[in-house]
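Residue strings, one per chain:
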Amino acid sequence: NIYMLKDKIFNFVKRMPRLGLVFLSLIFIQTLVNLVGVLGPELSFDALWYHLTLPKIFLAMHRVVHIPGSLLYYSDMPKLTEMLYTSALSFGTETVAKLIHFSFGILSLIALYSLSRKFLSKTFSLLALALFYSNLVVGWQSITAYVDLARTFFEIMALWGFMNWIESRKQKWLIESAVMMGLAISTKLLAIGSLFIFSILIILLFFKQKRLFSNLFIYWFIALLIPLPWFVFSFIHTGNPVYPFFTELYKVGFNFNLINPLQLADPISPLYIIFLPISIFMFSKFDLRFRIIIYYSIFALLVWYLTPKTGGGRFIMPYLPAFSIVAVGVIREMGEIRVKKVLISLIIFFSLFSIIYRGVANVKYLPVILGKETKSEFLTKNLNFSFGDFYDTDGYFKRNIKEKDKVLLYGFHNLYYVDFPFIDSSWVKKRDKFNYIAVQNTQLPERFKDWELVYTNKTTGVRL
């Protein structure tokens, strides 16, 4: 019960060394800073484009549907987390969905701690958590209704199960790892890259053993069985089980251009650039289990370099937990005490920097959270209307568009805050009926030139 849980937490903290309490405090403060952003309205591009818009459409139509056209082509991709958001939106606003994604960040910390304890002490495990959670991309993702933290959690659990299998040789842990891998793929299709990472590890560890092929078959079969319904759904509607990959909408090809992680749209900690190369030079100092984490990190970096970079730092985020374990493992093995102290101080510094940086970024949410500013006022000030966002800033659509009406949209991109009956030009069909046309930051098609202009909003760039 709640009292037993409170006692466990109290005893855990009481027995914690002083340095461990410092790391725990940094994580706790970062969590509070992130929670401020969670409680505010959603502003992030992809969430307003499809992560929340698709669940909203599914709720309105009472079923999961294929949406044709060039706007919501992600409707055919695996959508495990969006299904959770569908439930969240049925209970209220997008805040519940954001809390779900934020919770996956907390679950990722718990999973990372369990995995770290296989190699590190309590204090160093908390240091690994502080390093991971202080990444700016993790802080940003924690306040959005994206899916990358959900994928991160499932990938940590897959690695945790894999390590349990290596240690115990019990087949149930291989199955557990494969199940988690399947859930990661069901969350984000790019997680298929991790399937190759685990396959390489299985080949390296069991190359001359009889069960090599059976282990590979079990892993692939289970990992692909779980997202199979999504592949079937996509194939039925598009003829491509991994749509929109390998199409004009989302071209896939190997990218051999070197990319500086510090210059990513969503930057990751520069400390990894220091620690990962050092771990290779110190390779002989580590036992087999820890070497597997190093191998995993190297292959993860390679897979990330060869996959599309459209998501910036968040596409490498699922591998940051393993990078964090490697980094802290390197610190632990450092012989020079002064060097250890400097490296630990750097992690503390970057944690404090992340708290301040994310705190400044999230302070804009406080007025609307505290009720000093309305949601409408907040969104009017903070949405990017020139870059695809929409909001009914003056309430005109709410007052004048009735349920029996239908608005054909041109130029709109992020449709989550569209709260009136609509059909988008990207999926409109010949016999669809509409009695209004709304255009945003674009020209009205020539064939509608005789339609009468009834409303203009200079803030949002919308004409009706």
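Details of the structure are given in the entry above.
The following paragraphs examine the structure supplied in this document. (Residues numbered from 1 in each chain as written. Predicted model: local features only at pLDDT ≥ 70, side-chain atom pairs only at ≥ 80, totals over all residues. Heavy atoms only, no water.)

1. Remarks on the overall build of the protein chain
Put simply, the rule is: For the purposes of this entry, the term helix denotes a DSSP run of H or I that reaches at least four residues, the term strand denotes a run of E that reaches at least two, and both are numbered from the N terminus. Three labels apply to residues, based on accessible area from a 1.4 Å probe with only protein chains included: buried if under 20% of the type maximum, exposed if over 50%, partly exposed otherwise in between. A contact between two residues is defined here by any heavy atoms of the two lying within 4.5 Å. In this description, accessible areas are obtained by the Shrake-Rupley approach with a 1.4 Å probe, and a residue is regarded as covered only by the protein chains that are shown. Note that His is not counted, nor are the chain ends; the positive residues are Lys and Arg, and the negative ones are Asp and Glu. Taken as the charge location is NZ of Lys, CZ of Arg, CG of Asp or CD of Glu.
Each helix and strand in the protein chain was counted, giving 20 helices and 5 strands. Overall size of the protein chain, expressed as C-alpha extent along the three principal axes, is 80 × 55 × 50 Å. By residue count, 54% of the 464 residues in the protein chain fall in the buried class. When contacts within the protein chain are restricted to residue pairs at least 6 apart in sequence, long-range pairs at least 24 apart make up 72% of them. Counting only carbon and sulfur atoms, one obtains 65% of the accessible surface of the protein chain, whose full area is about 22100 Å². Of the side chains in the protein chain, 48 bear a positive and 28 a negative charge, and the two mean positions are spaced by 10 Å.

2. Concerning the packing of helix 11 (residues 192-205) against helix 15 (residues 288-306)
Here is the rule: Helix axes use the C-alpha atoms of the stretch in contact, all axes being lines fitted to C-alpha atoms, and the angles between their N-to-C directions lie in the range 0 to 180 degrees. The labels follow the angle: roughly parallel below 35 degrees, roughly antiparallel above 145, roughly perpendicular from 65 to 115, and oblique for the rest. Definitions for this section: a left-handed crossing has its near helix turned counterclockwise from the far helix by less than a right angle. A right-handed crossing has that turn clockwise. Each residue is assigned to one class: nonpolar for Ala, Val, Leu, Ile, Met, Phe, Trp, Tyr, Cys and Pro, charged for Asp, Glu, Lys and Arg, and polar for all the others, Gly among them.
At their nearest, the axes of helix 11 and helix 15 sit 10 Å apart, and the two run at 140° to each other. With respect to each other, helix 11 and helix 15 are oriented oblique. Crossing of helix 11 against helix 15: the hand is right-handed. Counted together, Gly 193, Ile 197, Phe 198, Ile 200, Leu 201, Leu 204 and Leu 205 of helix 11 and Leu 288, Ile 292, Tyr 295, Tyr 296, Phe 299, Ala 300 and Val 303 of helix 15 form the full contact between these two elements. Of the residues that constitute the contact of helix 11 with helix 15, the class distribution is 13 nonpolar, 1 polar and no charged.

3. Observations regarding the nonpolar core
Put simply, the rule reads: The criterion is simple. A nonpolar core is a set of buried Ala, Val, Leu, Ile, Met, Phe, Trp, Tyr and Cys residues joined through side-chain atoms within 4.5 Å.
Leu 72, Met 181, Phe 198, Ile 202, Tyr 219, Leu 320 and Phe 420 are the most contacted members of the largest nonpolar core, which has 151 residues in total. The element best represented in this core is helix 9 (residues 148-168), accounting for 12 residues. Not counting chain neighbours up to four residues away, the residues in contact with Phe 198 comprise Ala 158, Leu 159, Phe 162, Ser 177, Met 181, Tyr 219 and Tyr 296.

4. A closer look at the side chain of Asp 389
As a reminder of what qualifies: Only one rule defines a salt bridge in this text: a Lys or Arg side-chain nitrogen within 4 Å of an Asp or Glu carboxyl oxygen. Contacts described as polar in this section are N or O atom pairs within 3.5 Å, which, within protein, must combine one atom able to donate a hydrogen with one able to accept it, while residues neighboring in sequence count only if both atoms come from side chains.
Topologically, Asp 389 is positioned in the loop between helix 19 (375-382) and helix 20 (396-400). Buried charge without a salt bridge: Asp 389, with Lys 364 as the nearest opposite-charge side chain at an N-O distance of 11 Å. At a separation of 2.9 Å, a polar atom in the side chain of Asp 389 contacts the main-chain amide nitrogen of Asn 384. Once you skip the residues sitting within four places of it in the chain, Asp 389 turns out to touch Leu 43, Leu 48, Leu 383, Asn 384, Asn 414 and Gln 440.

5. A look at the pattern of salt bridges
Throughout the structure, instances matching the rule amount to 13 salt bridges. Two residues, Lys 375 and Glu 94, come together in a salt bridge whose shortest N-O distance is 3.2 Å. Of this pair, Lys 375 sits in helix 19 while Glu 94 sits in helix 6 (residues 94-116), placing them 281 residues apart in sequence. For Lys 375, a relative accessible area of 30% translates into the label partly exposed. In this structure, Glu 155 engages Arg 151 in a salt bridge whose closest nitrogen and oxygen atoms are separated by 2.7 Å. One end of the pair, Glu 155, and the other, Arg 151, are both in helix 9, 4 residues apart, so they sit about a helical turn from each other. Residue classification places Glu 155 among the buried residues on the basis of a relative accessible area of 1%. Note on Arg 151: relative accessible area 2%, which makes it buried.

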